Amino acid sequence: MTAQSPLGLRLLLSGVFVPVFAAATAYFAVWAADSGPGDSPGPGPLTAIAVVCGVLALVAMIDLAVVARRLRR
């Protein structure tokens, strides 16, 4: 017997978090670009947060594509 994940919930969560993480990526990238070397938090940590949010958005997009493919099957 194969395990099955709740595809509807995964579709909902991916659909919600793709725009959330994409917006967070843009927000932190703009904040990092506007911050100076003496600001706290500095541009380094803000860039790292933007990269992490971008990776999470990419993972959510991939999951969205996988779930859509499985639902079509």
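In case you missed it, the structure is sitting above this.
Just so it is clear, the structure is predicted and the values come from calculations on it, not from any experiment. (Residues numbered from 1 in each chain as written. Predicted model: local features only at pLDDT ≥ 70, side-chain atom pairs only at ≥ 80, totals over all residues. Heavy atoms only, no water.)

Concerning the nonpolar core
Here is step 1: In terms of nonpolar packing, the biggest core is built from six residues, these being A24, F28, A32, L46, A50 and C53.
Here is step 2: Contributions of two or more residues to this core are made by α1 (7-34) and α2 (43-72).
Here is step 3: Discounting residues that sit within four places of it in the chain, F28 has contacts with L46, I49, A50 and C53. (Core = buried A, V, L, I, M, F, W, Y, C linked by side-chain atoms within 4.5 Å. Buried < 20%, exposed > 50% of the residue type's maximum accessible area, 1.4 Å probe, protein only. Helix = DSSP H or I, 4+ residues; strand = E, 2+ residues; numbered from the N terminus. Contact = heavy atoms within 4.5 Å.)

Some details on a positive patch on the surface
Here is step 1: Together, R69, R70, R72 and R73 give the surface a local cluster of positive charge.
Here is step 2: Turning to its location among the elements, R69 is positioned in helix α2.
Here is step 3: Relative accessible area serves as the criterion here: at 48%, R69 is assigned to the partly exposed category. (Patch = residues over 30% accessible without salt bridge, like charges linked within 9 Å, V, L, I, M, F, W, Y side chains within 5 Å. Areas by Shrake-Rupley, 256 points an atom, 1.4 Å probe, with all protein chains shown as cover. Salt bridge = Lys/Arg side-chain N within 4 Å of Asp/Glu carboxyl O. Lys, Arg positive; Asp, Glu negative; His and termini not counted. Charge placed at Lys NZ, Arg CZ, Asp CG, Glu CD.)

Some words on the side chain of S14
Here is step 1: Tracing the chain through its elements places S14 in helix α1.
Here is step 2: On the basis of relative accessible area, S14 is assigned to the buried category, the value being 6%.
Here is step 3: A polar contact is formed between the side chain of S14 and the side chain of D63, at a distance of 2.8 Å.
Here is step 4: For S14, the residues in contact, after removing those within four places along its chain, are A60, D63 and L64. (Polar contact = N/O pair within 3.5 Å; in protein donor to acceptor, adjacent residues only side chain to side chain.)

Quick notes on the pattern of salt bridges
Here is step 1: Scanning the model with the defined rule gives one salt bridge in all.
Here is step 2: The shortest N-O distance in the salt bridge between D63 and R10 comes to 2.4 Å. Of this pair, D63 sits in helix α2 while R10 sits in helix α1, placing them 53 residues apart in sequence.
Here is step 3: What makes D63 partly exposed here is its relative accessible area of 22%.
Here is step 4: Relative accessible area serves as the criterion here: at 22%, R10 is assigned to the partly exposed category.

A few points about α2
Here is step 1: In a regular helix each residue adds 1.5 Å, so 30 residues correspond to 44 Å; α2 covers 43 Å between its end C-alpha atoms and thus fits that length.
Here is step 2: Within the sequence span of α2, burial applies to L46, A50, C53, A57, A60 and V67.
Here is step 3: The inward-facing, buried residues of α2 contact α1. (Expected span 1.5 Å × (residues − 1).)

Brief notes about the packing of aromatic side chains
Here is step 1: Evaluation of the coordinates by the stated rule reveals four aromatic pairs.
Here is step 2: Between Y27 and F28, the aromatic rings sit 5.4 Å apart at their centres with planes inclined by 70°, giving edge-to-face as the arrangement.
Here is step 3: Residue Y27 is classed as exposed on the basis of its relative accessible area, which comes to 51%.
Here is step 4: The exposure class of F28 is buried, given its relative accessible area of 18%.
Here is step 5: Counting every residue linked through ring pairs, the aromatic cluster contains Y27, F28 and W31. (Phe/Tyr/Trp six-rings, centres within 6.5 Å; stacked < 30°, edge-to-face > 60°.)

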